[in-house]
Amino acid sequence: MGATLAGWLQILLLVSVLAASYRPLGDLLARTLTDRGHWRVERALYRLGGVDGDADQTWPGYLRSLLAFAAVSVLFLYGFLRLQNHLPLSIGMPPVPADGAFNTAVSFATNTNWQWYSGETTLGHLAQMAGLAVQNFLSAAMGIAVAAALLRGFTRRQTDRVGNFWTDLTRITVRVLLPLAFVFAIVLVAGGAIQNFHGVREITTLSGDTQALTGGPVASQEAIKQLGTNGGGFYAANSAHPFENPTALTNIIEIYLLLVIPVSLPRAFGRLVGDQRQGYAILTVMVLIWAVSVAIVTANEVHGAGSPAGHAAGGMLEGKEQRLGVWASALFAVSTTLTSCGAVNSAHDSFTPGGGGMLIFNMLLGEIAPGGVGSGLYGILVLAVVAVFVAGLMVGRTPEYLGKKLGGREMKFASLYILTTPALVLVGTASAMASRGARAKVLNTGEHGYSEILYAFGSAANNNGSAFAGLAAGGTWYNTALGLAMLFGRFLPIVFVLALAGSLARQRPVPVTAGTLPTHRPQFVGLLVGVVLIIVGLTYFPALSLGPIAEALS
Amino acid sequence: MPRTARRPGRPHGPKKTTDRSHRGPGGLPDPALFRHALPGACRKLDPRTLYRNPVMFVVEVGAVLTTALAIEDPSVFSWLITVWLWATVVFANLAEAVAEGRGKAQADTLRRTRTATTARRLVDWRPGSRRPEERPVPAAELTLGDHVVVEAGQTIPGDGDIVEGIASVDESAITGESAPVIRESGGDRSAVTGGTRVLSDRIVVRITSRPGETFIDRMIALVEGAARQKTPNEIALNILLASLTIVFLLVVVTLQSLAGYGRAQQPLVVLVALAVALIPTTIGALLSAIGIAGMDRLVQRNVLAMSGRAVEAAGDVDTLLLDKTGTITLGNREAAELIPVGGTEPLALADAAQLSSLADETPEGRSIVVLTKERHQLRARAEGELAHAEFVPFTAQTRMSGVDLGGEDARQLRKGAATAVIEWVRDNGGQPADEVGPVVDGIAAGGGTPLVVGETITGGAGTTARVLGVIHLKDVVKEGMRERFEELRRMGIRTVMITGDNPKTARAIAREAGVDDFLAEATPEDKMALIKREQAGGKLVAMTGDGTNDAPALAQADVGVAMNTGTSAAKEAGNMVDLDSNPTKLIEIVEIGKQLLITRGALTTFSIANDVAKYFAIIPAMFAVAYPSLAKLNIMGLHSPESAITSAIVFNALIIVALIPLALRGVRYRPASAAGLLGRNLSLYGLGGLVLPFVGIKLIDLIVQFLPGLR
């Protein structure tokens, strides 16, 4: 089978399994977010945490609970990493340095999973399992919870309540993430991923060298790493490591896992607002951007080789796994940069300038196509609010989306949302450029080195977590700066989304008439794609032109 | 009959006789207005006022910065940029000043009418006072509850209600309408406005406004824009624009550091130019002019909106409550058909109908005469032509009118309400034909009013009485209303007809006019309940009203348009006043509200789309030296980096001037569905905004490159 045919078949397979799970998973999510009853285990958890599972919170209350929980998560994880040498199953790893522990704690609690370290040489099994993997579940659930609060803003009328954070968090974890992660961990084990508690083993390779291989509970972490769009690998090589991602089949399963929840959330959205067409419109925007991105990156990687030898090898194979090939690497890379997952099965640094630039652009889009779990949906809905505002004026009415008017308050929060990430990316990148020490960490010179830094801040502020490689991103400066970018890049937008939710919930819905801007038609889909591209394009065009664009054009 | 003062719908009727402002053809400001506005535009450079417009404030700060840089290190380029940045701010101010200037001209006209009049205040006036004591006081000192007397030729000193007398009043100072109107004490036509002139008779007026708060005072404040506050939607848009401005400032500020990596730092002048090119200056410059012009468009149509908020709400209206009489139908019923009964010759019925209506001066009576003339070629006979004719006027008791013709075979003709005429025939010994009942009922069921024509002939053979036939009077739906309601439906607006008629009649008229719903036998309470019901469903309601009993509903409605002929209570309660007192205008008001929002949206889209071309001009100009590959982005083939940046800035400034007329006039609005409107405006202003600057910047570059000293 030729690489091209195999590539097309993989894409076809991926799209069909995603399409097949759209309804059941979307419906499961919708039921989870709207159910009035509690499971017994959930009741036990509420009693344990001392919270009232039936209480309905205002948006500041919801936010306070969320921030308190996040703060505890960061502190807990920080302590875990600093004290891991005292804990069992540490396989002899020393404590993580302070700046590194801060960076990692923030990274996993914000669903970014940026990794400055190599997992196999820095972390013990317990830190991986009870520290990082737990956050993989909870940070993902937190994202979906915020999306749920925003959806309630649209669906509820004249109330100041947007739901209960603790119930949302618990249910999403217990009813959706845990069962799915459990099933797919077993699937991955069946596919060849490892799951054990071995320490480091010395083996002798065929050529007679010795190699240290670290075992560990990989498959269980791998499943939620993909499913929760976390992306923090057990090993430094992430999904390029054969223990994490052994075969072409597990590769497709992993891509499927990282896309499946963000892609199904529009279904839940359609269910909650009582109009499936709205869900399909949002889904179409996501799929369009994803498809175009896959096309561009794949074309660049397959045809970018230039030399006949490169073509013979099936395109740009540098930095890509031989057993996965160019198509599967490009597909994985696009999906991971568009979902805020950040798991990688290839070195993005080695992509062609056009392909690599596209990956940066994917992240800078704000992780909305389909975006991180929950964060993708709320991100695209905020952009939809902006699109509806401008377009709504053009039909001669005070703009309204899903029956809620978009006035000063709503625009304030939407504007602040779209302002936050560019500010973090640009200010972060600019200060790295201005700092001699930070500049020195770059492996390459010229445009490519520039892209490495832009990628790092784009990844951190957008909570993606993938790395361009080439940037030695450890050290106090980067650990602190990127840690702050992740922290603000996660929680400031959440503040604005929850405030927006509160503001929307308070309104009385406006009835739909022929004069209302329809938000389910191809016209709106095109408009939203345009707004996403123009707002992001205009913001990052100068920054991109100095790196990826200059490199790609030369 | 003051109601006849209402004229039928006149969407694009002839211009008013009085010159309300200085306009060139097509509603565009003439060049003189620009000249007059220039000093004002320069005064607005004061940062203490400009800070209210964040976008232009940033441009001004940039201009100050480049001025300092140009002085310190002069070059043709830096001076060019400086001059054009200042021009950008001045052009923005000019747009606002021109918009305000149109209102100022109107305010001046109004102010002239407010010249110091002396009021004849009556001390301790009571109803029926014979010779009240009179004291002259300056009009400005009149206050609530004072009574004044005004006689023919005098100007009414303040707003008030007539408490005694009736007069014809010339209100042209306010309405621009030269025909006098009748005002009388009691009822719904008692309100008079200060500054208008009594033409005949004598009235006593109770003053209802405090000094300085009269209708004219408020009108002056409104048209001058003194009372202008940012409307909710304007605030929301401003927030979006401000945040885009911040994003682009961040882009430019951080760019210097990013460029430093490749040793491609830029001169400060270039960075300022880039920032100004990127921030949404076009819409920022025109936003307030759009708002002022929107109010002004209402004033041109003789509608005074008490707040900009009301104008915006008009664009959002979901339900229109329209009074049947005068809005949907012409004020009067007209004879539509003559139906003979009992074997009567049609011509005989027509003759009888005409004779009985000759002296009937009501519009219905006249319409019968007209009908018989047109259908049956019966010449209208003058009253004197008939010998021995004695006309019987209509009274509320008999509910009939007619004529008694003397001579041998004395003939009496009566027309009137069916029951009255039938009874009259029976009293005179006649037996009405059987079909009368069904015919009468049929007409009533169809929404018409039946008038029965009866006859008695007293001759040698005694008296014979019979019913000759029935006249079908019907409401005449104004021409074009059906189409307008069709348009409204496409715009998503539901129309509800309000009428005092019975449900049967109301349904028939509603069907004929094409309204979506009707409220029959409506009382003010019903109206109020309907508004509240609609609002509970999240809908915005607009209505017109004039009577005092309309006041609560006017206040409850989101857009309440009071007729100028109405009571002061109604005018207080509504948030707009229609000086023409034309209820059909509600539809135009809705369109103006929509047009205002569309103009804002269109220019915002245009402004943002413009940035794409500016990037393609400026980015290669900035970085092509350090990053030679970026020269490929210079797809316009601009002459040199300096000419490219200059061209972008010049285009940025000129596009503001070019769009001032559009901002003042508003974008063209055609009623259509939301999707249709969006598609049209997106392709026009979105796509246009994308393409136009490529052409414009290239053209400017073709000229600018020849400037000496520009590298």
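Residues numbered from 1 in each chain as written. Chains lettered and ligands numbered in written order. Predicted model: local features only at pLDDT ≥ 70, side-chain atom pairs only at ≥ 80, totals over all residues. Heavy atoms only, no water.

(A) The overall build of chain A, seen in detail. For chain A, the helix and strand inventory stands at 19 helices and six strands. The C-alpha atoms of chain A give a radius of gyration of 22 Å, which matches the 24 Å a tight globule of 554 residues would have. The principal-axis extents of the C-alpha atoms in chain A amount to approximately 75 × 55 × 50 Å. For chain A, the proportion of its 554 residues judged to be buried stands at 65%. (Helix = DSSP H or I, 4+ residues; strand = E, 2+ residues; numbered from the N terminus. Rg over C-alpha atoms; globule rule 2.2 N^0.38 Å. Buried < 20%, exposed > 50% of the residue type's maximum accessible area, 1.4 Å probe, protein only.)

(B) The arrangement of the overall build of chain B in detail. A count of helices and strands for chain B gives 22 helices and 22 strands. In terms of overall size, chain B is more extended than a compact globule, its C-alpha atoms giving a radius of gyration of 34 Å where 711 residues would be expected to give roughly 27 Å. Along the longest, intermediate and shortest principal axes, the C-alpha atoms of chain B span 125 × 65 × 45 Å. Across the 711 residues in chain B, those meeting the buried criterion constitute 56%.

(C) Region of interest: the pattern of salt bridges. Residues and elements named next belong to chain B. Scanning the model with the defined rule gives 41 salt bridges over all chains in all. For Arg48, the salt bridge goes to Asp46, with nearest N and O atoms at 2.8 Å. Connected through salt bridges with shared partners, the residues Arg120, Glu134, Glu151, Glu164 and Arg202 form a single ionic network. (Salt bridge = Lys/Arg side-chain N within 4 Å of Asp/Glu carboxyl O.)

(D) Here's a closer look at the packing of helix H20 (residues 585-623) of chain B against helix H21 (residues 641-665) of chain B. Residue and element names in this part refer to chain B. H21 packs onto H20 with a crossing angle of 170° between their chain directions and a minimal axis gap of 10 Å. What the angle tells us is that H20 and H21 run roughly antiparallel. Contacts between H20 and H21 pair Gln595, Thr599, Leu603, Phe606, Asn610, Lys614, Ala617, Ile618 and Ala621 from the former with Pro641, Ala644, Ile645, Ala648, Phe651, Asn652, Ile655, Leu659, Leu662, Ala663 and Arg665 from the latter. When grouped by side-chain class, the residues that make up the contact of H20 with H21 number 14 nonpolar, four polar and two charged. (Axes fitted to C-alpha atoms, helices over the stretch in contact; angles between N-to-C directions. Parallel < 35°, antiparallel > 145°, perpendicular 65-115°, else oblique. Contact = heavy atoms within 4.5 Å. Nonpolar A, V, L, I, M, F, W, Y, C, P; charged D, E, K, R; others polar.)

(E) Region of the structure containing the sheet that holds strand S7 (residues 191-192) of chain B. All names here are of chain B. Pairing in this open sheet of six strands is antiparallel, and the strands run S2-S1-S3-S9-S4-S7 from one edge to the other. Two strands bound the open sheet, and with one partner strand each, they are strand S2 (133-138) and S7. Relative to strand S9 (residues 202-207), strand S4 (residues 160-164) runs antiparallel, the two being bridged by four bridges. From the neighbouring strand, Glu164 faces S9, where its bridge partner is Val204. (Pairing = 2+ DSSP bridges.)

(F) View of unusual backbone geometry. Residues and elements named next belong to chain A. With an omega of 0°, the peptide bond running from Ala369 to Pro370 counts as cis. Tracing the backbone shows Pro370 in the loop between helix H13 (353-364) and helix H14 (375-394). Even without glycine at this site, Thr229 takes up a positive phi of about 45°. Mapped onto the elements of the fold, Thr229 is located in the loop between helix H8 (218-227) and helix H9 (248-273). Its identity is not glycine, yet Ser340 carries a phi of approximately 65°, on the positive side. Within the secondary structure layout, Ser340 lies in the loop between helix H12 (325-338) and H13.

(G) Representation of a nonpolar patch on the surface in the model. Taken together, Val691, Val695, Leu699, Leu702 and Ile703 of chain B make up a surface patch of nonpolar side chains, about 460 Å² in accessible area. With respect to the helices and strands, Ile703 of chain B occurs in helix H22 (residues 674-704). (Patch = residues over 30% accessible without salt bridge, like charges linked within 9 Å, V, L, I, M, F, W, Y side chains within 5 Å. Areas by Shrake-Rupley, 256 points an atom, 1.4 Å probe, with all protein chains shown as cover.)

(H) How the structure looks around the interface of chain A and chain B. Counting residues at the interface gives 59 residues for chain A and 57 residues for chain B. Sorting the residues of chain A by area buried against chain B places Met394, Leu538 and Leu546 of chain A first, and these three jointly supply 15% of that buried surface. Counting across the chain A and chain B interface gives two salt bridges. Notably, a salt bridge pairs Asp318 of chain B with Arg397 of chain A, separated by 3.2 Å at the nearest N-O pair. In this structure, the connection of chain A to chain B is made through 16 residue pairs in polar contact (both at pLDDT 80 or more). Its residues placed into classes, the side of chain A that touches chain B shows 34 nonpolar, 18 polar and seven charged. (Buried area = accessible area lost by both parts, 1.4 Å probe. Polar contact = N/O pair within 3.5 Å; in protein donor to acceptor, adjacent residues only side chain to side chain.)

(I) Layout of the nonpolar core. Membership of the largest hydrophobic core comes to 315 residues, with the highest contact counts inside it found for Ile261, Tyr401 and Leu528 of chain A together with Leu286, Leu320, Met576 and Phe623 of chain B. For this core, the two domains that each supply at least three residues are domain 1 (31-102 + 224-297 + 592-705) and domain 3 (313-324 + 479-500 + 510-579) of chain B. Counting 21 residues, the second largest nonpolar core, distinct from the first, contains Leu371, Leu413, Leu451 and Val453 of chain B. (Core = buried A, V, L, I, M, F, W, Y, C linked by side-chain atoms within 4.5 Å. Domains from an automatic or database assignment.)

(J) Seen up close, helix H17 (residues 524-536) of chain B. Residue and element names in this part refer to chain B. With 13 residues, H17 should cover 18 Å at 1.5 Å per step; its first-to-last C-alpha distance of 18 Å lies within 8% of that length. For H17, the full list of buried residues reads Lys527, Met528, Leu530, Ile531, Glu534 and Gln535. Angularly, the buried residues of H17 cover 160° about the axis, an arc narrow enough to put them on a single face. When the buried face of H17 is taken as reference, the exposed residues oriented beyond 90 degrees from it are Glu525 and Arg533. Along its buried surface, H17 packs onto strand S11 (319-323), strand S18 (494-498), strand S19 (517-519), strand S20 (541-545) and helix H18 (551-556). Just past H17, the residue Gly538 takes up positive phi, approximately 85°. (Expected span 1.5 Å × (residues − 1). Arc of directions from axis to C-beta.)

(K) Highlighting the domain arrangement of chain B. All names here are of chain B. Each domain of chain B was delimited in the assignment, giving domain 1 (31-102 + 224-297 + 592-705), domain 2 (118-156 + 159-208), domain 3 (313-324 + 479-500 + 510-579) and domain 4 (330-476). For the pair domain 2 and domain 3, the two sides together bury roughly 780 Å², of which 42% comes from carbon and sulfur. Taken together, the links from domain 2 to domain 3 amount to zero salt bridges. Counting every contact that joins domain 2 to domain 3 gives zero residue pairs in polar contact (both at pLDDT 80 or more). Classifying every residue of the side of domain 2 that touches domain 3 by side-chain character gives two nonpolar, four polar and five charged.

(L) Looking closely at the side chain of His38 of chain A. Residue and element names in this part refer to chain A. Relative to the helices and strands, His38 resides in the loop between helix H1 (3-34) and helix H2 (40-49). Using a relative accessible area of 15% as the deciding quantity, one classes His38 as buried. A distance of 2.7 Å separates the side chain of His38 from the side chain of Asp54, its partner in a polar contact. There is a polar contact of 3.5 Å between the side chain of His38 and the side chain of Arg171. Discounting chain neighbours no more than four positions away, the residues touching His38 are Arg43, Tyr46, Gly53, Asp54, Thr167, Arg171 and Arg175.

(M) Region of interest: the UniProt feature "binding site: ATP" (unreviewed entry) in chain B. Residue and element names in this part refer to chain B. UniProt marks Asp360, Glu364, Phe394, Thr395, Ala396, Gln397, Thr398, Arg399, Met400, Ser401 and Lys415 with the feature "binding site: ATP" (unreviewed entry), using the numbering shown here. Tracing the backbone shows Phe394 in the loop between strand S13 (389-392) and strand S14 (400-405). Ignoring anything within four residues of it in the chain, the contact list for Phe394 reads Arg399, Met400 and Ser401. For Lys415, the location among the structural elements is in strand S15 (residues 410-416). Ignoring anything within four residues of it in the chain, the contact list for Lys415 reads Ser356, Ser357, Asp360, Ile368, Met400, Ser401, Val421, Leu451, Val452, Val453 and Ile471. (UniProt positions renumbered as here; feature names shortened; annotations may be inferred.)

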